[in-house]
Amino acid sequence: MPVRLDKAAITEKTSTLPDWKTDGETLHQTKKFQDFVEAIAFVNKLVSPAEAIGHHPDISISYNKVSITITTHDAGGLTELDFQLAQTISNLV
Ligand SMILES: C[C@H](O)[C@H](O)[C@H]1CNC2=NC(N)=NC(=O)C2=N1
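Residues numbered from 1 in each chain as written. Predicted model: local features only at pLDDT ≥ 70, side-chain atom pairs only at ≥ 80, totals over all residues. Heavy atoms only, no water.

Undergrad: Residues and numbers for the site of the ligand, please.
TA: Within the structure, the ligand sits among Gly54, His55, His56, Thr71, Thr72, His73 and Asp74. Within the backbone of His73, a nitrogen or oxygen atom sits 3.2 Å from an oxygen atom of the ligand. Between Asp74 and the ligand, the recorded distance is 2.8 Å, taken from a backbone N or O atom to an oxygen atom. The fraction of the free accessible surface of the ligand (400 Å²) that becomes covered by protein chains is 59%. Residues that form the shell around the ligand fall into these classes: no nonpolar, six polar and one charged. (Near = heavy atom within 4 Å. Polar contact = N/O pair within 3.5 Å; in protein donor to acceptor, adjacent residues only side chain to side chain. Areas by Shrake-Rupley, 256 points an atom, 1.4 Å probe, with all protein chains shown as cover. Nonpolar A, V, L, I, M, F, W, Y, C, P; charged D, E, K, R; others polar.)

Undergrad: An account of the nonpolar core is needed here, citing residue identities and associated values.
TA: Counting 19 residues, the largest nonpolar core has Trp20, Ile68, Ile70 and Ile89 as the members making the most contacts within it. Counting only elements with at least two residues in this core, the list comes to helix H2 (36-45), strand S4 (65-70) and helix H4 (80-90). When residues in this core are grouped by element, the largest group, four residues, is from H4. The contact partners of Ile68, leaving out residues within four places of it in the chain, are Trp20, Leu27, His28, Gln29, Lys31, Phe42, Leu46, Pro57, Asp58 and Ile89. (Core = buried A, V, L, I, M, F, W, Y, C linked by side-chain atoms within 4.5 Å. Buried < 20%, exposed > 50% of the residue type's maximum accessible area, 1.4 Å probe, protein only. Helix = DSSP H or I, 4+ residues; strand = E, 2+ residues; numbered from the N terminus. Contact = heavy atoms within 4.5 Å.)

Undergrad: Residue-level account of the sheet that holds strand S2 (residues 26-32), with values.
TA: One open sheet holds the four strands; their spatial order is S1-S2-S4-S3, and the pairing between them is antiparallel. Each having just a single partner strand, strand S1 (21-23) and strand S3 (58-62) make up the two edges of the open sheet. Neighbour to neighbour, the strand axes of the sheet diverge by 25° on average, direction disregarded. Relative to the sheet, H4 contacts S2 and S4, its axis offset from that of S4 by approximately 155°. (Pairing = 2+ DSSP bridges. Axes fitted to C-alpha atoms, helices over the stretch in contact; angles between N-to-C directions.)

Undergrad: So what's going on with H4? Which residues, and what values?
TA: Looking at H4, one finds that the buried residues are Asp82, Phe83, Leu85, Ala86 and Ile89. On an axial view of H4, the arc spanned by its buried residues comes to 160°, and they lie on one face. Against the buried residues of H4 lie helix H1 (7-14), S2, H2, helix H3 (47-53) and S4. (Arc of directions from axis to C-beta.)

Undergrad: Quick rundown of the pattern of salt bridges? Include the residues and the values.
TA: For the structure on display, the rule yields two salt bridges. One salt bridge in this structure joins Glu25 and Arg4, with 3.2 Å as the shortest N-O distance. Of the two residues, Glu25 is situated in the loop between S1 and S2 and Arg4 in the segment before H1; the sequence distance between them amounts to 21 residues. Here Glu80 makes a salt bridge to Lys13, at a shortest N to O gap of 2.7 Å. Here the residue Glu80 occupies a position in helix H4, and Lys13 occupies one in helix H1, the gap between them amounting to 67 residues. A relative accessible area of 40% means that Glu80 is categorised as partly exposed. (Salt bridge = Lys/Arg side-chain N within 4 Å of Asp/Glu carboxyl O.)

Structural data, given as structure tokens:
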């Protein structure tokens, strides 16, 4: 079971992810695309990396906006896996 991070670790790790915000025990980012097709193409891109890590984002799609929320459901809060997944998503072109 991944271990929940304390506030200091969360703050420190979030500072390394400029395109993500913390909201309580979640990491959050909203990305805006040209249109619905581009939004879905982006979501499809993150499937394999999420599967490879065995860790999955919560995703909400509204036309060309993709809202991504990451937390470790099994631990009830933020763990190292969340920051690993967020960095992986940030690295997607
Ligand atoms: C069995 C499976 O590995 C677990 O249920 C994984 C799947 N993906 C997951 N993703 C996230 N975000 N949190 C989890 O606790 C989690 N658990």
